[in-house]
Amino acid sequence: MSDKNTQQNAVLELWELLLRYRWRFILPAFAVTLGVLAMSLFLPRKYKSEATFERRTDMVLTEMTAKGATKNFQEPRTSLVEEITGRRAVDELISQIEPRLEKMGLIKSELDRQVLQSNIVRGTIVHWDIASGALDRVRVEYVNPNPQVSKIVVNGLVTNYIKRTQDSMDQRLKESGEFFRQEVANNRQVIEELETKLLEFEINNGDLLPESANSMQERLGARETELQETIAKRDAAIVRARNLKEAIDETPPTIVENITAPNPELTRLNDKYRKLTEELTNFTDVLKMRPAHPDVIALKQRVAELKAVIDSTDKTIVAQEQLKSNPKLAELELQYTQAVGEREALTRQIEVVTDQVAKMSAQTGDMFPVRSSYRKLNRQVEQAQRQLAFWEDNLRRVDMTLAAESGNRGIQLDFIKPGGIGAKPVSPNLAQVLMAAIGLGLMAGALSVFFAHRTDESFGSGAELAKAFDLPLLGTVSELISRQHRQTRRVRNMILYPTNAALMVAALIAMATVLYLDLEKPDTLAGLRAKASWVFQLPSAEASDTNDTNDTE
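What you are looking at is a predicted structure, and each value in this text was computed from that prediction instead of being measured. (Residues numbered from 1 in each chain as written. Predicted model: local features only at pLDDT ≥ 70, side-chain atom pairs only at ≥ 80, totals over all residues. Heavy atoms only, no water.)

### Overview of the overall build of the protein
When its secondary structure is counted, the protein shows 16 helices and six strands. Within the protein, the fraction of its 553 residues that count as buried is 26%. Long-range pairs, those at least 24 residues apart, make up 84% of the contacts in the protein between residues at least 6 apart in sequence. Total accessible area on the protein stands at roughly 37,000 Å², and carbon and sulfur atoms take up 56% of it. (Helix = DSSP H or I, 4+ residues; strand = E, 2+ residues; numbered from the N terminus. Buried < 20%, exposed > 50% of the residue type's maximum accessible area, 1.4 Å probe, protein only. Contact = heavy atoms within 4.5 Å. Areas by Shrake-Rupley, 256 points an atom, 1.4 Å probe, with all protein chains shown as cover.)

Pasting the structure below:
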């Protein structure tokens, strides 16, 4: 309650000071605000230009042409930014637009060229409006004091990037085409050699070749597969049994269970805390002691210390410990018994299947190596034919892509929105300027009031005077105001002060309006300036015409 009253008194004192020195607050705040707004009219303007292009990726064609090319064109974003705004791209752009900028008077020396190059590298920003595997929509931004330069830079960077990308894709397709032709020739030669070997094998081993499906071979393959699967299951069962045995050895047969009970010490402390709280309530509510009373302060300190002790005291204590059997051990022993039984059953099954496979292998005899070699040759021929078809299909698509006029080279680039000349500046920002002007104005007014109050040695009341000279105060006399003085004060309060305030507000509104037109509506402000210049030039033109007429007469 006391803190709240203190804050209210402080706010009232500040308000009284502000009313007392109101003009020392208003005048500096007005001057600084108006000065900041006026200075903002002379700050350098910066204009932004944006250019947008789309990058459509044919994933099939791009992955296909990745073989045989010396460069992978599926670039990450960092590589795309480097391609657009890197040092090499900026040097290429400046070499293209340097004659035009020299005519505009923007590049007069090598230093100007280096400054422009550094500004383009640091000031060009690349954004992704859409980013996916098949479509990227990229927006390039650049800010410069000259709107024409901003437009030239963003359009030039995007145009050069598109041209470099298309040239690079053409070169890549040509390299991929040469690679595919070489692979087609190599695969045709391999197929001819395999077909010759297959023909010789059929002539030499005609009686042992498989003419129809053989049940013995199928059964042998099935048994071998079954044997491998059974061995894998047995190994898994052995590992599982070993792990369960280790877990059983590590698991204790009994576990300790704790029985907890409320902490009697905590109960005693809570009772003591409740008594102290009731005593504190009696002091403040019944005995009406102030918070600054020594007994109240000491009692509060004891309550706080006791509260800290209660917070650090355990709420429960271990009353009893008892041992009981571990249920997890019984579960592990059951699982171990099952794993051992499964392992023994799989071992017996492996022995049976192994005997069957050995008997079937002996029955196949010499027929199996011959048929295996024959099938291996057939597989090699089929694989070589499939590989040849794959390379021929890739080569055909590359040739069609190079012959097409659509520009689709796996990555299709469209310049969908060239950059234009900025209609209004992006810097300085109107909202930031207004906030800075208001903030600096309020700060200047506050400093003026502060120094005025610190340097004011007058007394505002009789109590202050009596306190300063340590004299008793018997009474005070109000200010003696004459009729003329009262009329003068009334005129000042009703006419002069409102007029000054209205003029200040009008000046601030006019300056803010001019700044708004200059930053947000430059075309409108230029039109108003043109009309004003025409109006002022018209009387002078009429006067010159009159003088010419008189001279002629």
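Don't stop here, the text continues.
### Let's talk about the confidence of the model for the protein
Close inspection of predicted coordinates is inappropriate for parts of the model with low pLDDT. Mean pLDDT over the protein stands at 77; residues scoring 70 or higher make up 79%. Confidence drops under a pLDDT of 50 for residues 68-75, and excluding neighbours within four residues, the segment shows 22 contacts in the predicted structure. (pLDDT = per-residue confidence, 0-100.)

### Re the pattern of salt bridges
As enumerated under the stated definition, the model contains 17 salt bridges in all. Between Arg-234 and Asp-235 there is a salt bridge, with its nearest N and O atoms 3.6 Å apart. The class of Arg-234 is partly exposed, set by a relative accessible area of 23%. Each of Lys-48, Glu-50, Asp-129, Arg-139 and Glu-141 takes part in a single network of salt bridges with overlapping partners. (Salt bridge = Lys/Arg side-chain N within 4 Å of Asp/Glu carboxyl O.)

### Remarks on the pairing of strand E1 (residues 47-57)
Most of E1 sits out of view: eight of its 11 residues are buried. Pairing of E1 with strand E3 (residues 135-144) involves 10 bridges; the strand directions are antiparallel. Bridge pairing links Phe-53 to Val-138 in E3. (Pairing = 2+ DSSP bridges.)

### Describing the packing of helix H5 (residues 87-103) against helix H6 (residues 110-123)
Where H5 meets H6, the axes come as close as 10 Å, and the angle between the chain directions of the two elements is 130 degrees. By the angle between their axes, H5 is oblique relative to H6. Handedness of the crossing formed by H5 with H6: right-handed. Taken together, the residues of H6 that come into contact with H5 (itself represented by Arg-87, Val-90, Asp-91, Leu-93, Ile-94, Ser-95, Glu-98 and Leu-101) are Arg-113, Leu-116, Gln-117, Ile-120 and Val-121. Broken down by class, the residue content of the contact of H5 with H6 amounts to seven nonpolar, two polar and four charged. (Axes fitted to C-alpha atoms, helices over the stretch in contact; angles between N-to-C directions. Parallel < 35°, antiparallel > 145°, perpendicular 65-115°, else oblique. Left-handed = near helix turned anticlockwise from the far one by under 90°. Nonpolar A, V, L, I, M, F, W, Y, C, P; charged D, E, K, R; others polar.)

### As for the packing of aromatic side chains
Counted under the stated rule, the structure contains six aromatic pairs. On the numbers, 5.0 Å between centres and 65 degrees between planes, the contact of Phe-390 with Trp-391 is edge-to-face. Ring geometry for Phe-450 against Phe-451: centres 5.5 Å apart, planes inclined by 70 degrees, an arrangement best described as edge-to-face. Grouped by ring-pair contacts, the aromatic residues Phe-179, Phe-180, Phe-390 and Trp-391 constitute a single cluster. The lysine or arginine in question, Lys-307, covers the ring of Tyr-273, its NZ or CZ lying 5.7 Å from the ring centre. (Phe/Tyr/Trp six-rings, centres within 6.5 Å; stacked < 30°, edge-to-face > 60°. Lys NZ or Arg CZ within 6 Å of the ring centre and 35° of its normal.)

### A look at the environment of Leu-173
Checked against the element boundaries, Leu-173 lands in helix H7 (residues 147-204). The exposure class assigned to Leu-173 is buried, which follows from its relative accessible area of 0%. For the pair formed by Leu-173 and Val-398, sequence separation is 225 residues and the distance between their alpha carbons is 6.5 Å.

### Observations concerning the packing of helix H13 (residues 430-455) against helix H15 (residues 483-520)
Following both chains from N to C, one finds H13 and H15 inclined at 155 degrees, their axes separated by 10 Å at the closest point. Taken together, the axis directions place H13 and H15 in an arrangement best described as roughly antiparallel. Classified by chirality, the crossing of H15 by H13 is right-handed. Contact residues: H13 offers Leu-430, Val-433 and Leu-434, while H15 offers Ala-512, Leu-515, Tyr-516, Leu-519 and Glu-520.

### Observations concerning the nonpolar core
Ranked by size, the top nonpolar core spans 25 residues in total, and within it Phe-53, Ile-84, Leu-116, Ile-120, Tyr-142, Val-153 and Tyr-161 carry the most contacts. Broken down by secondary-structure element, the contributors of at least two residues to this core are E1, helix H4 (77-85), H5, H6, E3 and H7. Top element by residues in this core is H7. It accounts for eight residues. Look past the residues within four positions of Ile-120 in its chain and what remains in contact with it is Val-90, Leu-93, Ile-94, Tyr-142, Val-153 and Leu-157. Val-184, Ile-191, Leu-388 and Trp-391 belong to the second-largest nonpolar core, a separate cluster that totals 11 residues. (Core = buried A, V, L, I, M, F, W, Y, C linked by side-chain atoms within 4.5 Å.)

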